[in-house]
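Summary of structural features
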Amino acid sequence: MHTGSISTKELSYICDSLKNEETIVKLCVHGAVECQNPQLKQFFNHMSHERFQDFGQLMNVLDHHSQYS
Amino acid sequence: MYNQPTSNMGQQQMGQQHVSLPDKDMANLVLSELKRMAREYTTACLEAANPTVHQNFNQLLQKTLADQAQLFQIMSQQGMYNVTPASMQEIQKEQQKFNQCGYETQQFMQQYLGGGQSGMMATSTQPYQQSTQMPMTSNYGAMGTMPPGAASPTTSSSSANINQSGTPQMRSGTQMSTSSQMSTSTQDQAKKYLI
């Protein structure tokens, strides 16, 4: 195994995490639209964008390691 | 059994309606999701062999913990999350139980680490008894004010003393003193939980 490559276990955790990030982004969007409380609304709006960046970060890890597979 | 068109008509109509969760439920749902994600990132972090992957999981874990804390704070401010404080009786009960536990742990440590070497156990109790009556030595002077988690650097500094100890002819005498210091250090750490 190449030192820069990732294991099947790590790949599995990355995929699970991507799914989690996708879910939380959608939940946050839902919260940002539906919540009546302005503080919660703002928090969910902000967090949806932040978590989508995290989704991108995990995708970058996959992109970076795809060259070793 | 599940496809009964006549009886499910009402439910189908309800399903077409727009259902929105109350704010509190929505916040609780996201909070639970963040807690679950933090647990999964922790596991992923612990299992990751690749340093880059580990670092990424760790960053995302810290971010998830921060988000969870922020949401909890908002919920707490809005009265959506009530924390029940522990009663003084409960705290004292646990304190008593773990005092005993700490005492047993101290005994265990004295039994196996007390002298630093085999055959030193009889003398190892001496420095500890002295340290309870006398002010702490310069090496451990700050121990009393340090939090429990901060005690390890002192132990490592005493280990460094051993490594810096001098020539072979000095070693036996030096080991006696450093092992006494080490036992004093570990005993002082254990003792803090007994006060």
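These remarks concern the structure in this document.

Reading the values: rules and limits
- Residues numbered from 1 in each chain as written.
- Chains lettered and ligands numbered in written order.
- Predicted model: local features only at pLDDT ≥ 70, side-chain atom pairs only at ≥ 80, totals over all residues.
- Heavy atoms only, no water.
- Helix = DSSP H or I, 4+ residues; strand = E, 2+ residues; numbered from the N terminus.
- Contact = heavy atoms within 4.5 Å.
- Buried area = accessible area lost by both parts, 1.4 Å probe.
- Salt bridge = Lys/Arg side-chain N within 4 Å of Asp/Glu carboxyl O.
- Polar contact = N/O pair within 3.5 Å; in protein donor to acceptor, adjacent residues only side chain to side chain.
- Buried < 20%, exposed > 50% of the residue type's maximum accessible area, 1.4 Å probe, protein only.

1. With respect to the environment of B:Tyr41
In this fold, B:Tyr41 is placed in helix 2 (residues 23-47). The spacing of B:Tyr41 and B:Leu60 is 19 residues in sequence and 7.2 Å in space, taken between C-alpha atoms. When sequence neighbours within four positions are dropped, the list of residues in contact with B:Tyr41 reads A:Ser17, A:Glu21, A:Arg51, A:Leu58, B:Phe57, B:Leu60, B:Leu61 and B:Thr64.

2. A word on the interface of chain A and chain B
Of the residues lining the interface, 34 residues belong to chain A; the matching set on chain B comes to 34 residues. Around 2,900 Å² of area is buried between chain A and chain B when both sides are counted, 59% of it from carbon and sulfur atoms. One can count four salt bridges joining chain A with chain B. For B:Asp67, the salt bridge is made with A:Arg51, and the minimal N-O distance between the two is 2.8 Å. Linking chain A with chain B are 19 residue pairs in polar contact (both at pLDDT 80 or more), by the criterion used here.

3. Quick look at the side chain of A:Glu10
Mapped onto the elements, A:Glu10 comes out in helix 1 (residues 8-34). A polar contact is formed between the side chain of A:Glu10 and the backbone nitrogen of A:Ser7, at a distance of 2.8 Å. Among all residues touching A:Glu10, those that are not within four sequence positions of it are B:Ala48, B:Ala49, B:Asn50, B:Val53 and B:Phe57.

4. Comments concerning the pattern of salt bridges
The final tally for this structure, using the stated rule, is eleven salt bridges over all chains. Residue A:Lys19 pairs with A:Glu22 through a salt bridge whose shortest N-O separation is 3.1 Å. In this pair, A:Lys19 and A:Glu22 are both assigned in helix 1, three residues apart and thus about one turn of the helix distant. On the basis of relative accessibility, which here comes to 25%, the residue A:Glu22 falls in the partly exposed class. Measuring nitrogen to oxygen at the nearest pair gives 3.2 Å for the salt bridge that ties A:Arg51 to A:Asp54. Taken together, the residues span about one helical turn, with A:Arg51 and A:Asp54 both in helix 2 (residues 38-66) at a distance of three residues. Each member of the pair, A:Arg51 together with A:Asp54, is buried. Each of the salt bridges in this network shares a partner with another, and the network as a whole consists of A:Glu21, A:Glu50, A:Arg51, A:Asp54, B:Lys63 and B:Asp67.

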